[in-house]
Structure formats: C-alpha cells, structure tokens
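Listed below, chain by chain, are the residues.
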Amino acid sequence: MDVRRLKIPKTIAIFSHIKRPLTCVIYTASSDQISEPLQKTPLNKLNPSSERKQQKGLDLNLRKWVTSVLTNPPIDSLKIKDLLTHLTPQQFDAIFLEIHSSLKPLNALKFFHVASGSCGFSFSVRSYCTLLRLLVASNHDVPARLLLIRLIDGKLPALFDSPQQKHVEVAVKLAELSCVSDFGVAVRTFDLLLHLCCTQFKNVGFDAALDVFRSLASRGLYPTLKTCNFLLSSLVKENELWKSYEVFGVLKDGVKPDVYLFSTAINAFCKGGKVDEAKELFRKMENTGIVPNVVTYNNLIHGLCKNCNLEDAFLLKEEMILNGVNPSIVTYSMLINCLMKLEKFDEADCVLKEMSNKGLVPNEVLYNTIINGHCSAGDIQKALKVRDEMLKKGILPNSVTCNSLIKGFCKINQASQAEELLEEMLLHGLSVNPGSFSNVILVSCMNSRFAVALRFAKEMVLRCLRPNDGLLTTLISGLCKEGKHSEAVELWHMLQMKGLTANTVTSNALIHGLCEAGNVQEAVRLLKAMLESGVQIDSMTYNSLICAFCKEGNLDGAFMLREEMVKQGIAPDVSTYNVLLHGLGEKGKIDEALLLWDECRKKGLVCDIYTYGALINGLCKADKLEKGRDLFHEMLRQGLAPNLIVYNTLIGAFCRNGNVTEALKLRDDMRNRGILPNVVTYSSLIHGMSNIGLIEDAENLIDGMRKEGVPPDVVCYTALIGGFCKLGLMDKARSILQEMSSHDIQPNKITYTVIIDGYCQAGKVKEAKEYFAEMVQKGNTPDSVTYNVLTKGFLKEGEIEEAFSLLDHISHTGVCLDEVTYTSLVNLLPKRSASANQE
C-alpha cells in the first residue's frame, strides 16, 4: 500500500538522502585516529583461529568506536563519515540495539540525521524503531512523531523488505522489540503508530491503521484502551463501519472494554442499521458489570429512532431514568425529531413539556428540528409560531431555521414569502443551502416568475453552486417560452464559465427554444459552443436545428446539418427523416421526398405515423392524392393507427379536389377508430361542400358541430359564407355573418373580403363599400385581395371615379393591385380624361 501524508514544514525535517558509497576503515579505541584501510588478505592465507580472533577484534573495535561517536558530543560529521565507511547497516543495527539504552536520545537522533542526510547511509528498519523507542522512553514525543511520519512516508533512506507495506514492517519491528526492555514504552510506540495512521495518513483511508492493528493483535499486542477507543471512534466517524465491527470483535477478546468502547461499538451498529446487534451488545455490557452512561443510552435511542422504533426508544428512556441516568437535551431532541418525522406533533409537544419540566431549556437545534418538522408537513403557520417562541426565549433564528421556513413556504406555494426570506438571508450573509435556492427557483418557475428564478439561479452560480439538471431545464424552457432567449443564453454561458456546464437535455431545451423563436443563427452559435465545451451532442440537438432550417425553407442548410451530424458520429434517426420529409413536402419536392423515404427504409429505420404523415402531406400538396391514399392504406397494413393530423390532411385534400364523398368516408372511418373530428376537420368539409354547391349540407355541419361539442370558428363560418356568396344568396350570407356575432365570433379580413366579393359579384357595390368601411372600422386591415375584389366591383358597375379614388387610397398603403385590375384601370384613363375635359 502506498501511504502518503500531509506536508511537514522544512524547519522540522529530520533526515535527508545521502549518496556516498561505503568503504571500510579501522578504528583504534586508544585514539580517534583512523588507520589506513585494511589490506585485503586472501581467505586461504588465514587460519580459522586467527580469522575468528581478527573478526572478534574488529567487532569490538567497531562497538567501541560507535559508542565513542554517539556518547561524545558534539556530533562531528567528519567522524561520522569516517565511521560509516567501516559499517554495514546490519553491523550498526546490532551495535545500536546493544548500546541504545545508555545513549542520550537527542545525540542519537543527531547521529541518524547526519548519517542519513549527509552520508546517505541507509539504516535498517529495526534501527529506526530502536531510535523511536529511545525517544518515546525519554518523552521526546514531537521528534519521535516526526521520525515515524518520515519513515512511513518514505522520506528516509531505510532498508525496507516491502516498500509498499512500510507501516506494517514498522509495526512488526516494534512488536519484536517489545520484549527488549520496558513494555510500557512498547505500548506507547504502538499508540503513536496507530494514532498516526488514523490522523496523518487518513487521506488514504483506514487500511493502514487496520493493517497495523491486525499485525499487533495477531501477536497478542494492543495499544492502550484510550488509543483503542480513538481507533474505533475514528472508524465510526468516517463511516468505516465494517472495519469498526472487525476491530471491536478483536478488542472485546483482547482487552477489557470500558463504557466508552462499548458506547462507540453500539453507535457503530446503530449507524449501520444493525439495531438488534446494538441492543444485544447493550445487554451484554450490563451483564459484564459496566454501567451505561448517557452517551450509551443516547446512541441506542438514536438507532431505535432511526428505525422508527419509538416504543422501544421510549422504554429505554424510562429505563435510563430508573437507573439514575438523567436524559440530556440530546435524548429529548432525538425523540422529538423522530416524532416530527412521523408527524406525531401532539406527542412531540408532550415530550417537549416533559423536557422543560426537568429544567432542560430547548436550544436552537431542538427548535430547528420542530420547525423543520412542521415545514415538511406543510404547516407553515405552526412553524412560524415556534419561530416566534424561539425569539421570545432570546434564541435567534439561524440559517438552518430560515432554510426550513423557505422549504415550508415553497411547499404550500407561497412563492413571494419564500423569495422575501431568501433575499433577507442573502442580505444578512446567512448560509443558504442549495436546497433553499432550488426550492425558490422551482416555485418561482411554477408561478411563471422566471425573472425571479433567474436572479436566484445566477446567485447560485456565482457561489459555484449548480442547480440540478431538471431545474435548469425547467428554468431555461420557461425563459424561452416568455421570449427571454437572451437571458437564457446568458445563463448557459455563465454556467460554462464557472465550470458548471449545462448538460445535453438543458442545452437542447435552449436550442429548441431559440429555433421555435426563429433565432436560428443564435441556435447555430450555441451548437458550436456546445461542441467546443465538450457538451454531449445527440440527435435531438441536430433535429431541432434541422426542423428550424426546414421551417425557414432552407432545405440545403437542413441537409448540410444532417451531414455534419453524421461526421460527429451521430446517426440520423427516424425523427431526422420525418423533419426532412416534411420540409421537402412543404416545398413541393415530392420526388426528392420519395427518394429520402426509400433511403430511410433501406437503413432499417422503422417508419412511424409521423413519417407516413409527412409523406402523405407532401403527396397531397403535390396533387398526387391517389398516391397519398395508397400510402395511407399501406400504413394501415403496417399496423400503424392513423392520427387526427393524417385524417385531416387527407380530408382537406379530398375536399379541395371536390371529392367530398371520399372525405366523408374518412370522417366516418376516424370516428369508428375513436378519433373525434375537430374544427379543422369540419372547416375542410364545410369548405368542400360549399365549393360544390352543397350549401345546405354545409350549414347542417355547423349545427352538427355544436351538438358534438366542437364550437365552429371563424374559418368554418367564412367557408359557409363563401358558399352562399358563390350562389348569390347574399341575404343568407349576411344572416350567417350576424349569427357569427351572436356567438361572439368576430369576422376576420378573409371573412370581410369574401362577403365584399360576394356583393361585388352580385352588382351591389354600395353594400360592398359598407362592409369595407366596417372592416376598416373594426381594425381589420385590407390586403391586396380585398382591394382587388372591390376595385373590380367598381369597374364592373362602371363606377370609374370610385375605382380611381380607391386607387389613390391604395397608393398610400403600399399594397399592389393584381395585373389584370391595374391594366383595366390604365385602359380607362383616356375615357376618364375625356370626361373631365367635357366637364
């Protein structure tokens, strides 16, 4: 395991690396002089006896030399360098272990510092552990701690057998040295090592601490009970629950647990949802004669409350009172919190009164618990009442209080109060949690207060808090629907600049909104920004843009986008083809649409109702009605149920073609399939019937619509009026117009143009002029069609001056007459001039 630690200031560095290689010299005990290097004598020239004597003498000399250097301050770096040329790490380890108890710890530390730092000497792990024990025994805890940190962190030249398990190797050597001298020192070194693993090396998890603990425990060695408690509580605090179960399982058999160890273990079991095990351990603790304290009871009560086991929790509270342990404010807070979550508000009030009777004053945490419970239940008035009581007791509401109240206001859709409270929190610098921002933004969006929602969303982003994806999508979609596209784009870029980039769904919502508003170029720029910032692009992104290009009639641009889509590795889906087919159909490019249809099927895409609908629409617009009907029947054979739009497309086409009989058959067919005709269906039928003179049938359809609950609109009435006008039945046309008004349906400029044309065709230009005046007076601006039919009416009745007067008026409107009407007026100019001359 690679163990890392936090940085240590340079001023307390102990050792540094050395690079000098070792050589061998002889030290004579009678002086500090260094003799010439030993002459190497071949082994076969030495007899065994003389070899042993020489080796013994050499070892004795080295021991005396090491002792002299370590016991005669000051530590001389030159002497150390000379000494180390004679020593191997193993030789020094044996000598140091033998003499360490007679040495001054700081002298030995200085020697290690010079030897490892200036000379690059690598000591054995046992030598370092021996030095560590020497420092601990003399209460030099700070240098001992720093030495151990640097040793485990790999900052010292040491001869480890397993560099990835330095902490374990150190533990093993300390365990082996525990029998050398005072065992109390050994236990203190165990404490130091475990404490370091739990604190200094916590950033790599608790594996190091657990490895050391296991290594010591397997040898029957344990740190002090205080350190055992620290290890166990550290594991529980960091949610390393399974490791805490293992540690406690070993400790309960290896040491004599106290109330603190049991309490921590009970807390671990409760935290892990093992409440039954916690209860069993609690009883076992009592059976061993260890009296539970308030923390023990609270830990178990907390576990029971977490499991919503209120009955056992209250029984345990009564038991602790009987055993002479007074419940604390924490005890009551846990019980009240559980009751509030279960919405047992009356019982919570009773517990609060009991607490007060025992002289315990509620603190802000308890008040916040009660307020939050009422807010979660949507009872904001009760929450505010508790807040007021809190103020009377001199306890000021904090950010937790305000966040709970904001949640309560939002829950009952009191958007303005939530917004006001959030503004107040920001003004006073209180900590606002992301949930409060999100709640206010959401409730503001629900009430179409998008400007407010945007302000708080920006405040979140400025604090580097990211609204969740769903909330961002809701907000950006809402801004687009309100026409605030620039604000939506600004928010998107703001998120990107803060590194909180919006996801694909949110970005697609913005592109869709821009396209719907016709701001296609801004949508294209956003697509480029998405690609540059690494936002995932999908088929929906491109489909929105392709649809927008098709609506603009820019089919070349739409197909170029499809090619770009393929280059990005995104395969066009059936929706892509549907949009393109619809675009080609609207442009009348039916041959190209049929080719695209074949391509879609060859790629194995399953055509849906929209694919068929787009192609049927194109065929109908291209006057290929029979092919449209054939495709409709093919769709039925494929098992696809036609929708209202497909039926209306075909009905409208047949009506325009004069084939009302086929249109009515389709109307009946759609009814049989459970699809009710709408106003578009009826307006097509009325128009078709009126065109072929079936005016009575058309009028009956108006009545039939109302019976079916489909109110006729201005289009239906205009079609019917047009039918009567064609037949010259102007009185009937006038009565239909009055019927419209009685149903509060206002005629539009097409309605007026149709009736003006009817009167002109009937030679009643006076009535036509009256309706023209009414049309203008009601705010319907005449267009070129209106002016043409009225001008032709004047010319037909020989009212030349009226025609030229109208022409003068038209010249100020910018509307153009058609060529035939204009030519007729020009041809009448000579007659008009002659008439003027005669006068």
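Residues numbered from 1 in each chain as written. Predicted model: local features only at pLDDT ≥ 70, side-chain atom pairs only at ≥ 80, totals over all residues. Heavy atoms only, no water.

Within an unreviewed UniProt entry, the label attached to the chain reads Pentatricopeptide repeat-containing protein, and the organism entered is Datura stramonium.

What follows covers helix α23 (residues 450-462). In this model α23 runs 18 Å from its N-terminal to its C-terminal C-alpha over 13 residues, within 8% of the 18 Å that 1.5 Å per residue would give. By the burial criterion, the buried members of α23 are Phe 450, Val 452, Ala 453, Leu 454, Phe 456, Ala 457, Met 460 and Val 461. Where α23 is buried, its residues touch α21 (415-427), α22 (434-446), α24 (469-481) and α25 (485-497). Just downstream of α23, Cys 464 is the residue with a positive phi angle, here 60°. (Helix = DSSP H or I, 4+ residues; strand = E, 2+ residues; numbered from the N terminus. Expected span 1.5 Å × (residues − 1). Buried < 20%, exposed > 50% of the residue type's maximum accessible area, 1.4 Å probe, protein only. Contact = heavy atoms within 4.5 Å.)

Phe 111, Val 170 and Ile 756 are the most contacted members of the largest nonpolar core, which totals 262 residues. In terms of residues, this core owes the most to one element, helix α8 (residues 183-199), which gives nine residues. Beyond its immediate sequence surroundings of up to four residues, Val 170 is in contact with Val 125, Cys 129, Leu 148, Leu 151, Ile 152, Phe 160 and Leu 193. (Core = buried A, V, L, I, M, F, W, Y, C linked by side-chain atoms within 4.5 Å.)

Of note, Val 351 is situated in helix α17 (residues 345-357). Using a relative accessible area of 5% as the deciding quantity, one classes Val 351 as buried. Placed 16 residues apart in sequence, Val 351 and Leu 335 show a C-alpha to C-alpha distance of 7.8 Å. When neighbours within four sequence positions are excluded, Val 351 is seen to be in contact with Phe 314, Tyr 332, Ile 336 and Leu 339.

With that settled, the discussion passes to the layout of surface pockets. For the largest pocket, the calculated volume is near 1,100 Å³. Around the largest pocket, the lining comprises 45 residues; the ones closest to its centre are Glu 586, Asn 617, Lys 621, Thr 649 and Arg 656. Elements that contribute at least two residues to the lining of the largest pocket include exactly α28 (539-551), α30 (574-586), α32 (609-621), α34 (644-656), α36 (679-691), α38 (714-726) and α40 (749-761). Taken together, the residues of the lining of the largest pocket break down into 16 nonpolar, 22 polar and seven charged. (1 Å grid on protein atoms, 1.4 Å probe; cavity = no way out; pocket = protein on both sides within 12 Å on 5 of 7 lines; lining within 4 Å. Points joined across faces, edges and corners; volume = space filled by probe spheres on them. Nonpolar A, V, L, I, M, F, W, Y, C, P; charged D, E, K, R; others polar.)

The backbone of Ser 448 sits at a positive phi, close to 55°, despite the residue not being glycine. Checked against the element boundaries, Ser 448 lands in the loop between α22 and α23. Of the residues examined, Ser 448 reaches a relative accessible area of 44% and is grouped as partly exposed. Although it is not a glycine, Asp 744 sits at a positive phi angle of roughly 60°. Note on placement: Asp 744 falls in the loop between α39 (730-742) and α40.

Before going further, it helps to examine the packing of aromatic side chains. Two numbers describe a pair of aromatic rings. These are the distance of the centres and the angle of the planes. Applying the stated rule across the entire model yields 20 aromatic pairs. Considering the side-chain rings of Phe 92 and Phe 111, the 5.4 Å spacing of their centres and the 15° angle between planes classify their relative orientation as stacked. Of this pair, Phe 92 sits in helix α3 (residues 89-99) while Phe 111 is found in helix α4 (residues 105-117), placing the two residues 19 residues apart along the sequence. Of the two residues, Phe 92 and Phe 111, neither departs from the other in class, the shared state being buried. Cluster of aromatic residues (ring-pair linked, three or more members): Phe 92, Phe 96, Phe 111, Phe 112, Phe 121, Phe 123 and Tyr 128. (Phe/Tyr/Trp six-rings, centres within 6.5 Å; stacked < 30°, edge-to-face > 60°.)

Quick look at the side chain of Lys 317 now. Among the structural elements, Lys 317 can be located in helix α15 (residues 310-322). Given the relative accessible area of 1%, Lys 317 is considered buried. Separated by 2.8 Å, the side chains of Lys 317 and Glu 354 make a polar contact. The contact partners of Lys 317, leaving out residues within four places of it in the chain, are Ile 301, Pro 327, Thr 331, Leu 335 and Glu 354. (Polar contact = N/O pair within 3.5 Å; in protein donor to acceptor, adjacent residues only side chain to side chain.)

What follows concerns the packing of helix α5 (residues 125-137) against helix α6 (residues 141-152). Two numbers describe how α5 lies on α6: the axes approach to 8 Å, and their chain directions differ by 160°. Between α5 and α6, the interaxial angle falls into the category roughly antiparallel. Relative to α6, α5 is oriented so that their crossing is left-handed. Contact residues: α5 offers Tyr 128, Leu 131, Leu 132, Leu 135 and Val 136, while α6 offers Asp 141, Pro 143, Ala 144, Leu 147, Leu 148 and Leu 151. In terms of residue class, the contact of α5 with α6 is made up of ten nonpolar, no polar and one charged. (Axes fitted to C-alpha atoms, helices over the stretch in contact; angles between N-to-C directions. Parallel < 35°, antiparallel > 145°, perpendicular 65-115°, else oblique. Left-handed = near helix turned anticlockwise from the far one by under 90°.)

With that settled, consider the environment of Ile 755. Locating Ile 755 in the fold gives a position in helix α40. In this structure Ile 755 comes out as buried when scored by relative accessible area, which is 1%. For Ile 755 and Leu 737, which are 18 residues apart along the polypeptide, the C-alpha to C-alpha distance reads 9.0 Å. Those residues in contact with Ile 755, other than ones at most four positions away along the chain, are Ile 721, Cys 725, Met 730, Ala 733, Arg 734, Leu 737 and Tyr 771.

This paragraph deals with helix α29 (residues 555-567). Residues separated by three or four positions in an α-helix point in the same direction, a consequence of the helix having 3.6 residues per turn. Spanning 13 residues, α29 covers 19 Å between terminal C-alpha atoms, matching the ideal 18 Å at 1.5 Å per step. Turning to α29, its buried residues are Leu 555, Gly 557, Ala 558, Leu 561, Arg 562 and Met 565. Projected down its long axis, α29 shows its buried positions confined to an angular sector of 160°, all on one face. The exposed set on the far side of α29, more than 90 degrees from its buried face, consists of Asp 556, Met 560 and Lys 567. (Arc of directions from axis to C-beta.)

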